[in-house]
Amino acid sequence: QQQVKQSPQSLIVQKGGISIINCAYENTAFDYFPWYQQFPGKGPALLIAIRPDVSEKKEGRFTISFNKSAKQFSLHIMDSQPGDSATYFCAAARADTGRRALTFGSGTRLQVQP
Amino acid sequence: EAEVAQSPRYKITEKSQAVAFWCDPISGHATLYWYRQILGQGPELLVQFQDESVVDDSQLPKDRFSAERLKGVDSTLKIQPAELGDSAMYLCATREQGTSPLHFGNGTRLTVT
């Protein structure tokens, strides 16, 4: 059962443009929604995260928008740069089990063209 | 900055052989996870430890996979016997506690021939 659905699978953006990646979740028990960035041959690295008590969080060029009623959240990368070219994963975790293991989306491969 | 250390970085093994991966967490990180990442997909949880205890191994194929964290510090994941479908990146991730950020190692890339 895929609990976190991510789209698009791949994305090509021009330098300076806005990259938008979307995720939808099914389990209303999820209460923590991070985004991870992964470069080839490396492990995922935390980029930014949000909790459902806020609708938006911004850190530098990266913004998460969260829609609790629609069970959707998205990552916006403003002024996209070639160095942002990587695979991005959304994820979700639930508090009720006490385990807080992350469930990941399937990933979006972003290519920023110079 | 402290890192999660994993070894080996790459492992090639033949089908039916045994293979083991090692993870050394960031000092003080009590919670440790092993994830498997098939090429082109997101990481999938295999097992979670809290100190030396297994918290969740519901997704671990226990007929061939085993994991241990004997002293609550470093951890080993073993596959015996390896199958072709086990080819993937095996990632270790650790966190200090509860809701603190999760830190991943750079993984072990396993190829089973």
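Residues numbered from 1 in each chain as written. Chains lettered and ligands numbered in written order. Predicted model: local features only at pLDDT ≥ 70, side-chain atom pairs only at ≥ 80, totals over all residues. Heavy atoms only, no water.

Draft legend 1. Spatial organisation of the overall build of chain A. Helix and strand content of chain A: 0 helices and 11 strands. A principal-axis box enclosing the C-alpha atoms of chain A has dimensions of 45 × 30 × 20 Å. Counting over 114 residues, chain A shows a buried share of 43%. Of the accessible surface of chain A, which amounts to about 5,600 Å², a share of 47% is contributed by carbon and sulfur atoms. Here chain A carries 13 positive and 8 negative side-chain charges, and the mean point of each set is 5 Å from the other. (Helix = DSSP H or I, 4+ residues; strand = E, 2+ residues; numbered from the N terminus. Buried < 20%, exposed > 50% of the residue type's maximum accessible area, 1.4 Å probe, protein only. Areas by Shrake-Rupley, 256 points an atom, 1.4 Å probe, with all protein chains shown as cover. Lys, Arg positive; Asp, Glu negative; His and termini not counted. Charge placed at Lys NZ, Arg CZ, Asp CG, Glu CD.)

Draft legend 2. Here's a closer look at the pattern of salt bridges. Residue and element names in this part refer to chain B. All chains considered together, the criterion is met by 6 salt bridges over all chains. Measuring nitrogen to oxygen at the nearest pair gives 3.4 Å for the salt bridge that ties Arg64 to Glu83. Remark: Glu83 occurs in the loop between strand S8 (75–79) and strand S9 (88–95) and Arg64 occurs in the loop between strand S6 (53–56) and strand S7 (65–68); sequence separation between them is 19 residues. Look at the salt bridges and you will find they share partners, linking Arg36, Arg64, Glu83 and Asp86 into a network. (Salt bridge = Lys/Arg side-chain N within 4 Å of Asp/Glu carboxyl O.)

Draft legend 3. Geometry of the nonpolar core. Ranked by internal contacts, the top residues of the largest apolar core, which has 24 residues, are Phe33, Trp35, Phe73, Leu75, Tyr88 and Leu110 of chain A. Among the elements that make up this core, the one with the highest residue count is strand S9 (residues 86–94) of chain A (4 residues). By size, the runner-up hydrophobic cluster in this structure holds 20 residues, among which are Cys23, Phe65, Ile79 and Ala88 of chain B. (Core = buried A, V, L, I, M, F, W, Y, C linked by side-chain atoms within 4.5 Å.)

Draft legend 4. Fine view of the interface of chain B and chain A. Counting residues at the interface gives 21 residues for chain B, matched by 16 residues for chain A. At the boundary of chain B with chain A, total buried surface from both sides reaches about 1,500 Å², with 52% on carbon and sulfur atoms. Run the count over chain B and chain A and you get 0 salt bridges. Our count for the chain B to chain A interface comes out at 5 residue pairs in polar contact (both at pLDDT 80 or more). Taken together, the elements giving at least two residues each to the side of chain B that touches chain A come down to strand S4 (31–37), strand S5 (44–50), S6 and S9 of chain B. Counting residues per element, the side of chain B that touches chain A draws most heavily on S4 of chain B, at 3 residues. Partitioned by chemical class, the residues of the side of chain B that touches chain A number 9 nonpolar, 9 polar and 3 charged. (Contact = heavy atoms within 4.5 Å. Buried area = accessible area lost by both parts, 1.4 Å probe. Polar contact = N/O pair within 3.5 Å; in protein donor to acceptor, adjacent residues only side chain to side chain. Nonpolar A, V, L, I, M, F, W, Y, C, P; charged D, E, K, R; others polar.)

Draft legend 5. Seen up close, the pairing of S7 of chain B. In this sheet, S8 of chain B lies alongside S7 of chain B in antiparallel orientation, the contact comprising 4 bridges. By the bridge assignment, Glu68 of chain B is partnered in S8 of chain B with Thr76 of chain B. (Pairing = 2+ DSSP bridges.)

Draft legend 6. Molecular detail of the packing of aromatic side chains. Following the criterion strictly, the structure yields 17 aromatic pairs over all chains and no others. Measuring from ring centre to ring centre gives 6.3 Å for Tyr25 of chain A and Phe30 of chain A, while their planes differ by 65°; the resulting arrangement is edge-to-face. Members of the aromatic cluster, each reached through a chain of ring pairs, are Tyr25, Phe30, Phe33, Trp35, Phe66 and Phe73 of chain A. The residue whose ring lies beneath Arg9 of chain B is Tyr10 of chain B, and the NZ or CZ to ring-centre distance is 5.5 Å. (Phe/Tyr/Trp six-rings, centres within 6.5 Å; stacked < 30°, edge-to-face > 60°. Lys NZ or Arg CZ within 6 Å of the ring centre and 35° of its normal.)

Draft legend 7. Spatial organisation of the sheet that holds strand S1 (residues 5–7) of chain B. All names here are of chain B. Reading across the sheet, the 4 strands line up as S1-S3-S8-S7 and stay open at both edges, with antiparallel pairing between neighbours. Of all strands in the sheet, those bounded by a partner on one side alone are S1 and S7. When strand polarity is set aside, the average angle formed by the axes of neighbouring strands in this sheet is 15°. Sheet analysis places S1 next to strand S3 (residues 19–24), joined by 3 bridges and oriented antiparallel. (Axes fitted to C-alpha atoms, helices over the stretch in contact; angles between N-to-C directions.)

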